[in-house]
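Okay, here's what each chain looks like letter by letter:
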Amino acid sequence: MPSSGTSYSSAKFTGNATMSWTKYTIAYNANGGSGAPSSQTKTHGTNLTLSSTKPTRTGYTFEGWYTNKACTGTAVKYIATGSTGNKAYWPKWTLNAY
């Protein structure tokens, strides 16, 4: 049992001091390609490295996972410990030059 004054962020206590951490779904969208990785589950309080599975798209090169469909900002490689909520990621595609 936690000592007096101890707090836990996003923890749920049930029954006789049984604790379970909140879990979130991490989804991947192929954004015009194919082979996006399956969804992952992130547990609050832990880091999660994004899937190393790279989708493919004919005529394009995969440049990383982004938090928005426009693929602006910086590519994401992991989700930090304190991050909460379900998340979706999109691949940035760069047109191949021939």
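Here the structure is a predicted model, which is why all the values come from computation and not from measurement. (Residues numbered from 1 in each chain as written. Predicted model: local features only at pLDDT ≥ 70, side-chain atom pairs only at ≥ 80, totals over all residues. Heavy atoms only, no water.)

## Topic: the environment of Asn-29
Then step 1. Of note, Asn-29 is situated in the loop between strand E3 (23–28) and strand E4 (40–43).
Then step 2. For the pair formed by Asn-29 and Ala-88, sequence separation is 59 residues and the distance between their alpha carbons is 7.2 Å.
Then step 3. Discounting chain neighbours no more than four positions away, the residues touching Asn-29 are Ala-36, Trp-65, Tyr-89, Trp-90 and Pro-91.
Then step 4. A distance of 2.6 Å separates the side chain of Asn-29 from the backbone nitrogen of Asn-31, its partner in a polar contact. (Helix = DSSP H or I, 4+ residues; strand = E, 2+ residues; numbered from the N terminus. Contact = heavy atoms within 4.5 Å. Polar contact = N/O pair within 3.5 Å; in protein donor to acceptor, adjacent residues only side chain to side chain.)

## Observations regarding the pairing of strand E8 (residues 87–95)
Then step 1. With three bridges joining them, E3 and E8 adopt parallel strand pairing. When the sheet's bridge partners are listed, Tyr-28 is paired in E8 with Tyr-89.
Then step 2. As paired strands, strand E6 (residues 60–66) and E8 are joined by five bridges and run antiparallel to one another. Along E8, the bridge assignment pairs Phe-62 with Trp-93. (Pairing = 2+ DSSP bridges.)

## Structural notes on the nonpolar core
Nonpolar side chains tend to gather and get buried jointly when the protein is soluble and globular.
Then step 1. Residues Ile-26, Tyr-28, Leu-48, Leu-50, Phe-62, Trp-65, Val-76, Ile-79, Tyr-89 and Trp-93 constitute the largest nonpolar core, which totals ten residues.
Then step 2. Among the secondary structure elements, those contributing two or more residues to this core are E3, E6 and E8.
Then step 3. Excluding residues within four positions of it along the chain, Tyr-89 makes contact with Ile-26, Ala-27, Tyr-28, Asn-29, Leu-50, Trp-65, Tyr-66, Thr-67, Val-76 and Ile-79. (Core = buried A, V, L, I, M, F, W, Y, C linked by side-chain atoms within 4.5 Å. Buried < 20%, exposed > 50% of the residue type's maximum accessible area, 1.4 Å probe, protein only.)

## So, the confidence of the model for the protein chain
Then step 1. On average, residues of the protein chain score 85 in pLDDT, and 80% of them are at 70 or above.
Then step 2. Looking over the protein chain, one finds the lowest element-wise mean pLDDT in strand E1 (residues 11–14), namely 57, and the highest in E6, namely 97.
Then step 3. Under a pLDDT of 50 for its full length, residues 1–8 has, in the predicted model, six contacts with residues more than four places off or in other chains. (pLDDT = per-residue confidence, 0-100.)

## Structural notes on the side chain of Ser-83
Then step 1. Locating Ser-83 in the fold gives a position in the loop between strand E7 (78–79) and E8.
Then step 2. A polar contact is formed between the side chain of Ser-83 and the side chain of Lys-87, at a distance of 3.4 Å.
Then step 3. Discounting residues that sit within four places of it in the chain, Ser-83 has contacts with Tyr-24, Lys-42 and His-44.

## Comments concerning the packing of aromatic side chains
Then step 1. Here the structure, examined in full by the defined rule, presents four aromatic pairs.
Then step 2. For the ring pair Phe-62 and Trp-65, a centre distance of 5.3 Å and an interplane angle of 65° mean the geometry is edge-to-face.
Then step 3. Here Trp-65 falls in the buried class, since its relative accessible area comes to 4%.
Then step 4. Members of the aromatic cluster, joined through ring pairs, are Tyr-28, Phe-62, Trp-65, Tyr-89 and Trp-93.
Then step 5. The ring of Tyr-60 has Arg-57 sitting right over it, with the charged end atom 4.0 Å from the ring centre. (Phe/Tyr/Trp six-rings, centres within 6.5 Å; stacked < 30°, edge-to-face > 60°. Lys NZ or Arg CZ within 6 Å of the ring centre and 35° of its normal.)

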